[in-house]
Amino acid sequence: IRIRELLAEQHGCTIDNIFVGNGSDEVLSLATEAYTENDGAIGFFNPSYSLYPVLTDIRDVKQAEFPLPASSEELAQLSKNTKMPDLFFLTNPNAPTSTIFSLEALEEFCKNTSSVVIVDEAYGDFSNQKSATTLIDKYPNLLVCRTLSKSYSLAGIRLGYLVGNVELIEALYKIKDSYNVNMLTQVAAIAALEDLDWMKENCKRICATRDRIK
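Residues numbered from 1 in each chain as written. Predicted model: local features only at pLDDT ≥ 70, side-chain atom pairs only at ≥ 80, totals over all residues. Heavy atoms only, no water.

Peer 1: Is there a simple way to explain the state of the cysteines in this structure?
Peer 2: By definition, a disulfide links the sulfur atoms of two cysteines through a covalent bond. Summed over the entire model, instances satisfying the criterion amount to zero disulfides. With no disulfide of its own, Cys145 has Cys13 as its nearest cysteine by sulfur position, at a separation of 14 Å. Look at Cys145 and you get buried, because its relative accessible area is 0%. Summary of cysteine pairing: Cys207 is not part of a disulfide, and the nearest cysteine sulfur, belonging to Cys203, is at 6.0 Å. (Disulfide = S-S within 2.5 Å. Buried < 20%, exposed > 50% of the residue type's maximum accessible area, 1.4 Å probe, protein only.)

What follows is the structure, encoded as structure tokens:
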């Protein structure tokens, strides 16, 4: 509960809006089970995180692959004119291209679709844009995935989480393993989340290295 309390404080929500898992990969995998019908489909952009098609194949549902939009304007129009799948993974900033879509475009995308949209912000702390978690109260179909692997440099402890609509979060707790986050991970995660100043300095160092080698 302490991890969820810290995350809720960080994102301006309640602990009921937070699901914590054994790394973001487990969180995304559980989402394919919770939000996709057996005859449904999972959508994602190409190029993007290579795990999405793997999870779709494991779930044994259709892949709805879309070309990566070239701009925020193109993203905003996409869900207006296209039949959308049950679940859509949208990485922002996108890996491996570093494409960033505006919050306004994400809002339009969510507003015009009945899909459950998971905005994967694994690299969100390295951008200057506000997190899409600021939109969860407006869009009940929106979930935001985050991780301690990148900006906290804690990939080895395996801690990922979702922020979003209470009903969607409850669905994940119904299907997760009973003890999916071990005690050592919890201790390390709590220490990290209680020291956000260190994480922010870590981000600055990583961004400075990125800028230097461009």
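Peer 1: Is there a simple way to explain empty space enclosed by the protein in this structure?
Peer 2: To find leftover empty space, one rolls a probe the size of a water molecule over the atoms. Applying the stated rule across the entire model yields one cavity of 30 Å³ or more. Considered as a void within the structure, the largest cavity measures approximately 40 Å³ in volume. Taken together, Asn92, Pro93, Glu121, Gly124, Ser127, Gln129, Lys130, Ser131 and Arg146 make up the lining of the largest cavity. (1 Å grid on protein atoms, 1.4 Å probe; cavity = no way out; pocket = protein on both sides within 12 Å on 5 of 7 lines; lining within 4 Å. Points joined across faces, edges and corners; volume = space filled by probe spheres on them.)

Peer 1: What exactly am I supposed to notice about the environment of Leu28 here?
Peer 2: Residue position: Leu28 is located in helix α2 (residues 23-34). For Leu28, a relative accessible area of 0% translates into the label buried. Placed 95 residues apart in sequence, Leu28 and Tyr123 show a C-alpha to C-alpha distance of 15 Å. Setting aside anything within four residues of it in sequence, one finds Leu28 in contact with Tyr49, Tyr52, Leu55, Phe89, Ile118, Asp120 and Cys145. (Helix = DSSP H or I, 4+ residues; strand = E, 2+ residues; numbered from the N terminus. Contact = heavy atoms within 4.5 Å.)

Peer 1: What exactly am I supposed to notice about the environment of Glu26 here?
Peer 2: Its location among the elements puts Glu26 in helix α2. For Glu26, a relative accessible area of 18% puts it in the buried group. For the pair Glu26 and Glu201, spaced 175 residues apart in sequence, the C-alpha to C-alpha distance is 28 Å. When near neighbours in sequence (up to four residues on either side) are disregarded, Glu26 contacts Gly21 and Asn180.

Peer 1: Got a minute to help me understand the environment of Glu33 in this structure?
Peer 2: Relative to the assigned elements, Glu33 resides in helix α2. By relative accessible area, Glu33 is classed as partly exposed at 46%. Taking C-alpha positions, Glu33 is 29 Å from Glu74, a pair spaced 41 residues apart along the chain.

Peer 1: Please clarify how the pattern of salt bridges should be interpreted in this entry.
Peer 2: Oppositely charged side chains are able to pair whenever their charged atoms sit close together. Enumeration over the complete set of coordinates arrives at ten salt bridges. A salt bridge links Glu5 to Arg2, with the nearest nitrogen and oxygen atoms 3.5 Å apart. Taken together, the residues Glu5 and Arg2, both in helix α1 (residues 2-11) and three residues apart, mark about one turn of the helix. A residue is classified by how much of its surface remains accessible, and Glu5, at 36% relative accessible area, is partly exposed. Taking relative accessible area as the criterion, Arg2 reaches 37% and is therefore assigned partly exposed. A salt bridge links Glu33 to Arg59, with the nearest nitrogen and oxygen atoms 3.9 Å apart. (Salt bridge = Lys/Arg side-chain N within 4 Å of Asp/Glu carboxyl O.)

Peer 1: How do you make sense of the sheet that holds strand β4 (residues 87-91) when you look at a structure like this?
Peer 2: The strands that make up a sheet pair up through hydrogen bonds in the backbone, lying either parallel or antiparallel. Strands sit in the order β1-β7-β6-β5-β4-β2-β3 across an open sheet of seven strands; the sheet is mixed. Strand pairing shows two members of the sheet lacking a second neighbour, β1 (18-21) and β3 (62-67), which therefore form its edges. If you compare each strand with its neighbour and ignore which way they point, the axes differ by 20 degrees on average. Bridge count between strand β6 (residues 142-147) and strand β7 (residues 160-164): five bridges; the pairing is antiparallel. Residue Leu143 lies in a different strand from β7, and its bridge partner there is Gly164. (Pairing = 2+ DSSP bridges. Axes fitted to C-alpha atoms, helices over the stretch in contact; angles between N-to-C directions.)

Peer 1: What is the right way to read α2 from this model?
Peer 2: Given 3.6 residues to a turn, an α-helix orients residues that are three or four positions apart in the same direction. A rise of 1.5 Å per residue sets the reference length of α2, with its twelve residues, at 16 Å; its end C-alpha atoms lie 17 Å apart and thus fit the reference within 8%. Turning to α2, its buried residues number three or more, namely Gly23, Ser24, Glu26, Val27, Leu28, Leu30, Ala31 and Thr32. (Expected span 1.5 Å × (residues − 1).)

Peer 1: Help me out: how do you make sense of the layout of surface pockets in this one?
Peer 2: Looking at the largest pocket, its volume works out to about 330 Å³. As for the largest pocket, its lining consists of 16 residues, of which Gln10, Asp125, Arg146, Met199 and Lys200 are closest to the centre. Broken down by secondary-structure element, the contributors of at least two residues to the lining of the largest pocket are α1 and α8 (196-213). Broken down by element, the lining of the largest pocket gets its largest block of residues, five residues, from α8. Of the residues in the lining of the largest pocket, the class split is five nonpolar, seven polar and four charged. (Nonpolar A, V, L, I, M, F, W, Y, C, P; charged D, E, K, R; others polar.)

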